[in-house]
Structure formats: structure tokens, C-alpha cells
Amino acid sequence: MSTATFGNVVTAMVSPFDEERQLDLDGARELARWLTRPGWNDGLVVNGTTGESTTTTDGEKRQLVEAVVEAVGGRAKVIAGVGTSDTRHSVELARAAEAAGADGLLVVTPYYSRPSQEGIWWHLRTIADSTGLPIMLYDIPKRAGVALEPSTLAAAAEHERIVALKDARGDLEAASWVIRQTGLAVYSGDDALNLPLLSVGAVGFVSVVGHVAADALRDLLDAYAAGDVARARLLHHRLLPIYRGMFRAPGAASAKAALAALGLGNGQVRPPLAALHQQERDLLVEALAEAGCAPTPVA
């Protein structure tokens with residue numbers, strides 16, 4: 001499978017905080033280096049939902065991009081989440097991310113206000129016109145309250161900088177039509193559907209599970225690309241416990257708890273998210289072990 005613009009195995013990275021819930025830039029650099037070690041991720045999303053973007057300031061967002069770009073040193077793509085419900089604000093974030101060295105932008109549909117498809121297209125086009133960076137759209141109607149309809153995606157695909165889609169719609173038929181009709185590089189944005197989406201033409205994953213199992217995700221993708229569907233299916237089945245376990249609680253809190261079990265970070269999140277209780281952490285560690293991703297503390 002050829003490498004797409006943003007790589008094939010991409011993790012939506014958490015934003016590390018210290019015990020006072022202040023941004024931990026040293027922790028972000030350490031985590032970014034760990035996530036992009038050989039055989040793991042070839043892309044990271046910074047300031048996405050899993051990065052708790054709704055509770056970080058614009059200044060913190062820029063600092064995170066700068067820190068992660070510095071840490072990965074060009075060996076992985078850094079994609080900055082810049083989607084908000086305010087077009088002007090998103091343009092400001094996009095320009096700041098470009099200045100901070102990001103390789104691309106992730107733009108979610110405007111949330112809560114539930115604009116029309118015309119309004120969504122105006123929003124996306126305005127952001128795409130504001131920088132020279134390639135863009136991955138993000139379709140997640142269960143969070144945003146509105147979906148990207150086929151006509152909007154078809155129009156977006158005509159823009160020279162809109163090149164990819166993170167699909168978290170949970171609709172394989174809709175994803176199939178997007179792949180057939182638009183030419184956008186589609187990434188699975190729902191870990192449990194990674195293999196099914198590959199089967200209809202997705203190029204890779206934007207994952208939360210990639211915090212702890214990016215090597216297994218790469219093995220799955222490589223097996224499928226090589227035509228070894230049986231092995232890809234076995235890996236998919238092996239990972240099912242962690243696909244479910246990572247999302248019993250909000251993904252950011254679960255990913256941070258899993259990383260803390262590895263000695264990376266402290267599991268701290270910002271309100272309104274809450275850190276996992278001990279019972280929740282125990283269930284998560286059990287899921288990691290069942291999926292063959294048992295925590296081994298980082299040296």
C-alpha cells in the first residue's frame with residue numbers, strides 16, 4: 001500500500017498535562033518521539049479531540065505543534081487540528097499551525113451550530129484558502145451534529161489542498177461511495193472499523209489505539225496490503241478487546257491512563273473530562289493484555 005499524503009498509520013495524540021493540569025511540553029516531546037519510533041506511527045494529529053482541543057488555549061495549541069514538530073524531526077507528518085465552530089477562529093488556528101511548522105491540517109465539521117451544507121462548504125473552503133497546507137476533513141456526525149453529505153465532499157475534493165477524509169461516520173456504504181467518487185484518501189477514524197474500511201479502499205487509520213498498538217495496526221495494514229487477508233483478520237480479532245476497552249471512557253482519558261501504565265505521563269486530563277477510576281484502569285489494563293498489548297514500562 002502506497003504511503004498517502006499524511007502517512008498510513010496516524011495516531012491522534014493526547015496533550016500531556018502536569019499535576020496542576022498545565023501543558024507539559026517536555027512530556028509532549030517525549031511522547032511524540034516514542035510514538036514515532038521505527039515500526040510505529042508515520043503521522044501524528046496534534047490538537048484533535050483526543051488532544052482535548054476544546055480545553056487548550058490558542059497559545060498552547062501553537063506550542064504543542066512546535067514541540068511535536070521539533071521532536072519528530074521530519075520522520076513523521078504532524079497534522080494540526082484546527083476545526084472549530086467559528087470559521088474566523090479556524091482560519092487563525094490554521095495560519096498559526098502553518099507558522100509553527102505543521103505538515104497539514106485536520107478540519108472537523110463545525111459543531112453544535114449545525115450549519116447547512118452550503119455553510120459547511122463555505123467554512124471548509126475558507127480554511128483551505130487560508131494556508132498552503134494540505135487538509136484532511138473529519139466527518140463525525142455523532143459529535144458534530146451534522147454530516148458531510150456526498151455533494152459537499154465532491155465539491156471539497158475539487159479543492160487542490162483538500163486531499164483526505166478521516167471517516168468516523170460508521171457507514172461503510174457511504175465510505176465506499178466517497179472513495180469511488182471523490183478520489184479523497186480515506187482514513188478510518190473509528191478503530192473498530194479499521195479492517196472493514198481497508199476492505200472498501202481506505203488508505204490507513206487515524207487512531208486512538210495507536211498510542212499503545214501502532215505496531216500491531218501497521219502489521220494489520222501491511223498484511224492486508226500484501227493480500228494476506230487471513231492474517232489481517234486475525235490481527236483485527238486480536239485487537240478487538242482494546243478497540244472496545246479504549247472507549248469505555250472518553251478516548252483521551254483512556255489513552256492517558258494506558259500511557260501512564262507504561263510510565264508515560266500521569267493520566268491527568270482537564271475538566272470536563274475526568275481521569276479514570278482504579279476499576280476503570282484495571283479493566284483497561286486487562287483489555288491491553290487480552291489484545292497482546294500488555295503494558296511494559298518504558299525504560
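Going by what an unreviewed UniProt entry lists, the protein chain is known as 4-hydroxy-tetrahydrodipicolinate synthase and is assigned to Micromonospora carbonacea. Recorded in UniProt for the protein chain, the comment headed Catalytic activity (unreviewed entry) runs: "L-aspartate 4-semialdehyde + pyruvate = (2S,4S)-4-hydroxy-2,3,4,5-tetrahydrodipicolinate + H2O + H(+)". In its Subunit (unreviewed entry) section, the UniProt record describing the protein chain reads: "Homotetramer; dimer of dimers."

Participant: Sorry, what's going on with the nonpolar core here?
Facilitator: Burial of nonpolar side chains together is a common tendency in soluble globular proteins. In this structure, Val 82, Leu 105, Leu 137, Leu 239 and Ile 242 are the most contacted members of the largest nonpolar core, which totals 85 residues. Among the elements that line this core, the one with the most residues is helix H9 (residues 210–225), at 8 residues. Every residue in contact with Leu 105, bar those within four places of it in the chain, is listed here: Ile 79, Ala 80, Val 82, Ala 94, Ala 97, Thr 131, Leu 133, Pro 134, Ile 135 and Met 136. Listed in part, the 17 residues of the second largest apolar core include Val 45, Met 136, Ala 168 and Val 203.

Participant: I'm lost on the pattern of salt bridges in this one. Help?
Facilitator: A complete count under the given rule lists 10 salt bridges for this structure. Residues Arg 218 and Asp 42 are paired through a salt bridge, measuring 3.0 Å at the closest nitrogen-oxygen approach. You can see Arg 218 sitting in helix H9 and its partner Asp 42 sitting in the loop between helix H1 (25–35) and strand S2 (43–46), a full 176 residues away along the chain. For Arg 218, a relative accessible area of 16% gives the class buried. Between Arg 169 and Glu 149 there is a salt bridge, and its shortest N-O distance comes to 3.9 Å.

Participant: Honestly, helix H10 (residues 229–245) in this entry has me stumped. Any pointers?
Facilitator: One full turn of an α-helix is made of 3.6 residues, so residues set three or four places apart face in the same direction. In this model, H10 (17 residues) spans 24 Å end to end at C-alpha, consistent with the 24 Å of a helix rising 1.5 Å per residue. Of all the bends in H10, the greatest, near 45 degrees, is centred on Leu 239, and the proline Pro 241 appears no more than four residues after it. For H10, the set of buried residues is Ala 232, Leu 235, His 236, Leu 239, Pro 241, Ile 242, Tyr 243 and Gly 245. Residues of H10 that are buried make contact with helix H8 (194–199), H9, helix H11 (251–261) and helix H12 (278–290).

Participant: How do you make sense of the UniProt feature "binding site: pyruvate" (unreviewed entry) in the protein chain when you look at a structure like this?
Facilitator: Mapped onto the present numbering, the UniProt feature "binding site: pyruvate" (unreviewed entry) falls at Thr 50 and Val 206. The largest pairwise C-alpha distance within this set of annotated residues, which runs over 157 residues, is 10.9 Å, so the set is compact in three dimensions. Tracing the sequence through the fold places Thr 50 in the loop between S2 and helix H2 (58–72). Filtering out sequence-adjacent residues up to four positions away, Thr 50 remains in contact with Ala 12, Met 13, Val 14, Ser 15, Val 208, His 211, Gly 251 and Ala 252. Looking at where Val 206 falls in the secondary structure, it is placed in strand S8 (residues 204–207).

Thresholds, definitions, all that
- Residues numbered from 1 in each chain as written.
- Predicted model: local features only at pLDDT ≥ 70, side-chain atom pairs only at ≥ 80, totals over all residues.
- Heavy atoms only, no water.
- UniProt positions renumbered as here; feature names shortened; annotations may be inferred.
- Core = buried A, V, L, I, M, F, W, Y, C linked by side-chain atoms within 4.5 Å.
- Buried < 20%, exposed > 50% of the residue type's maximum accessible area, 1.4 Å probe, protein only.
- Helix = DSSP H or I, 4+ residues; strand = E, 2+ residues; numbered from the N terminus.
- Contact = heavy atoms within 4.5 Å.
- Salt bridge = Lys/Arg side-chain N within 4 Å of Asp/Glu carboxyl O.
- Expected span 1.5 Å × (residues − 1).
- Bend = angle between axes of the 7 residues up to and from the residue.

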